[in-house]
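# Breakdown of the fold
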Amino acid sequence: MTEQNINLQDAKRANAMSFERAEFARLVINDLSTSQSGRNFLKKYKQSEVRETIENYKMEKNQTKLREISQLLWAKSPQYQRLIKYFAGMATFSHVITPVKEIRKVNKNKASKQYVEIGELLKLMSLRHEMTKVLNVAFREDIFYGYIHRDRKSFYIQQMPSEICKASSVEDGVLNYSIDMLYFEKNEKSIGRWATEIQLKYREWKAIKARDGKAYNWVELDSKNTICIKVNEDILEVFPPFAGSFDSIFDIDAFKQLRKDKEELGNTMLVAQRLPMRDNSETNNDFLIDKDFMMFFHNQAVDTVPDNVGVVTSPMEITPIKFEQDRADRDGVGKATRDFWEGNGTSQLLFSSDNNSSAGLVMSIKSDEEIVFTLLTQIERWLNRYLKNEHNDLMFNVSILPITRFNQQEMYKMFLESATFGVPVKSHLVATIGLDPIEVMNMSFLENDLLKMHEEWIPLQSAHTMGNEEDGAPKKSAGAISDEGARSRDKSK
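Quick notes on the rules
- Residues numbered from 1 in each chain as written.
- Predicted model: local features only at pLDDT ≥ 70, side-chain atom pairs only at ≥ 80, totals over all residues.
- Heavy atoms only, no water.
- Helix = DSSP H or I, 4+ residues; strand = E, 2+ residues; numbered from the N terminus.
- Contact = heavy atoms within 4.5 Å.
- Disulfide = S-S within 2.5 Å.
- Buried < 20%, exposed > 50% of the residue type's maximum accessible area, 1.4 Å probe, protein only.
- Pairing = 2+ DSSP bridges.
- Axes fitted to C-alpha atoms, helices over the stretch in contact; angles between N-to-C directions.
- Phe/Tyr/Trp six-rings, centres within 6.5 Å; stacked < 30°, edge-to-face > 60°.
- 1 Å grid on protein atoms, 1.4 Å probe; cavity = no way out; pocket = protein on both sides within 12 Å on 5 of 7 lines; lining within 4 Å.
- Points joined across faces, edges and corners; volume = space filled by probe spheres on them.
- Nonpolar A, V, L, I, M, F, W, Y, C, P; charged D, E, K, R; others polar.
- Expected span 1.5 Å × (residues − 1).
- Core = buried A, V, L, I, M, F, W, Y, C linked by side-chain atoms within 4.5 Å.
- Parallel < 35°, antiparallel > 145°, perpendicular 65-115°, else oblique.
- Left-handed = near helix turned anticlockwise from the far one by under 90°.
- Salt bridge = Lys/Arg side-chain N within 4 Å of Asp/Glu carboxyl O.

In this section: the environment of Lys-58. Residue placement: Lys-58 occurs in the loop between α3 (47-55) and α4 (60-76). Spatially, the C-alpha atom of Lys-58 lies 8.7 Å from that of Phe-239, the residues being 181 residues apart in sequence. Dropping the residues within four chain positions of it, Lys-58 is found in contact with Gln-63 and Glu-237.

The structure is reproduced here in structure tokens:
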């Protein structure tokens, strides 16, 4: 073989054995680095942006952001949703109808008629259902805007969109709100789906704008038809009550994602195939096998291993690195969850069984109840303002009792003991067990006067219901008692 042929064969072999760097980069078939940071819990907002928004909550645009973030977290975080439902669903809305003026000198028929009308209205309102929905929104967004729809047989509170409403005045200690007419101008075709009052006020606003060239776009609705409840009543800005816990919610999700990444990493394996090279060669990158032959074995390995196993072919030795978890402190999710409950001031014992301290739990619930009681006072004042609009000569008010699902038995015992000593709280006592005033009146008539259940229901005869000629248990015969007992009987005679 000539020298020229030898050189040609060496060149062909060198060309067959050479590899581009890009080709080696493509040999890692399974991409095992697909995890994403849990800090992007919400696609639209990052954790750092949420912190900055909370710090600058006085800006109106940030108040809108916080309301939106709260809505998204309510949908994404089970802890946040459960927290809001805990506060919103705590109250039983037990209520009584109480006089607000001297009623001993008024006409009894007139007073009785008004009492029944108010009782029927409160029953129609379904306070427990409607107001629980109101509080759900209020605890989520800080403020609830509602419009009243009522006829003779139904009562419904429609939630108004927060984006087009804002509190504008106070009447009888209760907030009123205005709506943005520019919204209806942009969506004029849908105006027919809104309440009659809104349609009329939009037409009036539009006429003023056409006449004067401009008009203030915020128009206040009639207080007779509206309800506005705000949790943070002491500040004008809209600030979700649990905005301080947003950061903890992001941490919980971040630790969950980190734990998931660690689990995936613990189940991941990398298979390395070392590409053989010539030992005594003066040529760089002088491999023993060509590219096609190497790819055959590489693809064979890729087709064999499961999805969580990566395959890499390299001429260098690869040392495996293990990412072991710290055994002393491995559950960051649990820590973040505890921080969430502690951050918003609610005991974690309500939602987990990690601790069984009953004394601390009771005091935590009592502190939470105080938050709810302030909102019950707002709702009570709104109810009484609503009654003022219904009756010119109002003789009664509604009192919502400070009763929750947690203190119901305690309050029942208090009213029962007070009633035993003659305190006039019979209405309060029956309200504690969930009866409305109109139910008490009608059920008393039904059971006592109509059905006469007190006469028809005869207790079964037993030692507790049968009487004796003498007090105490029946006497034993002389032979059935001891000598000491016989002497005691003789002494009594």
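Inspection of the entire model under this criterion finds zero disulfides. For Cys-228, which is in no disulfide, the shortest distance to another cysteine sulfur is to Cys-165 and amounts to 8.4 Å. Accessibility expressed as a relative area gives 0% for Cys-228, which makes it buried.

As a further point, take the sheet that holds strand β5 (residues 174-180). Two orientations exist for strands paired in a sheet by backbone hydrogen bonds: parallel and antiparallel. Ordered by their spatial adjacency, three strands build an open sheet running β4-β5-β6, and the pairing between neighbours is antiparallel. In this open sheet, the two edge strands, each paired with only one partner strand, are β4 (165-171) and β6 (218-220). Taking each pair of neighbouring strands and ignoring which way they run, the sheet shows an average axis angle of 40 degrees. As judged from the three bridges shared by β5 and β6, these two strands associate in the antiparallel manner. Its bridge partner being in β6, Asp-180 is matched across the sheet by Trp-218. Relative to the sheet, helix α13 (residues 358-390) contacts β4 and β5, its axis offset from that of β5 by approximately 80 degrees.

The next point concerns the packing of aromatic side chains. In this description, an aromatic ring pair is defined by two values, namely the gap between the centres and the angle between the planes. Per the counting criterion, the structure on display carries 16 aromatic pairs. When the ring of Phe-155 is compared with that of Tyr-386, the centres are 6.3 Å apart and the planes differ by 85 degrees; the resulting orientation is edge-to-face. Residue Phe-155 is located in strand β3 (residues 155-159), and its partner Tyr-386 is located in helix α13; the two are separated by 231 residues in the primary sequence. The pair formed by Phe-155 and Tyr-386 is uniform in burial state, with each residue classed as buried. With centroids separated by 5.2 Å and ring planes inclined at 90 degrees, the aromatic side chains of Phe-184 and Trp-194 adopt a geometry described as edge-to-face. One end of the pair, Phe-184, is in helix α8 (residues 181-186); the other, Trp-194, is in the loop between α8 and α9 (196-212), with ten residues separating them in the sequence.

Of the volumes computed, that of the second largest pocket is approximately 530 Å³. Every residue lining the second largest pocket is counted, 24 residues in all, and those nearest its centre are Tyr-145, Lys-166, Ala-167, Leu-236 and Val-238. Grouping the constituent residues of the lining of the second largest pocket by class yields eleven nonpolar, six polar and seven charged.

This part is about helix α16 (residues 437-450). A rise of 1.5 Å per residue sets the reference length of α16, with its 14 residues, at 20 Å; its end C-alpha atoms lie 19 Å apart and thus fit the reference within 8%. Lys-452 sits one or two residues past α16 and shows a positive phi near 50 degrees.

Counting residues in hydrophobic clusters, the biggest one holds 57 residues, and the most contacted among them are Met-131, Phe-139, Phe-246, Trp-382 and Leu-383. The dominant element in this core, judged by the number of residues it contributes, is α13, at ten residues. Those residues within four positions of Leu-383 in sequence are excluded, and the remaining contacts are Leu-122, Met-125, Leu-127, Val-398 and Ile-400. Residues Met-160, Phe-184, Trp-194 and Val-219 belong to the second largest nonpolar core, which totals 21 residues.

A few words now on the packing of α3 against α4. In the contact formed by α3 and α4, the axes pass within 9 Å of each other and the chain directions differ by 130 degrees. The angle between α3 and α4 places the two elements in the oblique class. Seen along the crossing, α3 lies across α4 with a hand that is left-handed. Judged by residue contacts, Glu-49, Val-50, Thr-53 and Ile-54 of α3 engage Asn-62, Lys-65, Leu-66 and Ile-69 from α4. Of the residues contributing to the contact of α3 with α4, the split by class is four nonpolar, two polar and two charged.

Glancing now at the pattern of salt bridges. With the rule as written, the count across this model stands at 17 salt bridges. Of the charged contacts, one joins Glu-390 and Arg-150 as a salt bridge, the two residues approaching to 3.0 Å between their closest N and O atoms. Of the two residues, Glu-390 sits in helix α13 while Arg-150 sits in strand β2 (residues 143-150), which places them 240 residues apart along the sequence. Taking the relative accessible area as the measure of exposure, Glu-390 reaches 37% and is therefore partly exposed. One salt bridge in this structure joins Lys-388 and Asp-172, with 3.7 Å as the shortest N-O distance. Placement of Lys-388 in helix α13 and of Asp-172 in the loop between β4 and β5 is noted, with a sequence separation of 216 residues between them. Of the residues examined, Lys-388 reaches a relative accessible area of 47% and is grouped as partly exposed. Using a relative accessible area of 37% as the deciding quantity, one classes Asp-172 as partly exposed. Three or more residues joined by partner-sharing salt bridges are found here, namely Lys-101, Lys-110 and Asp-393.

Without other data, these values stay purely geometric and don't point to any function.
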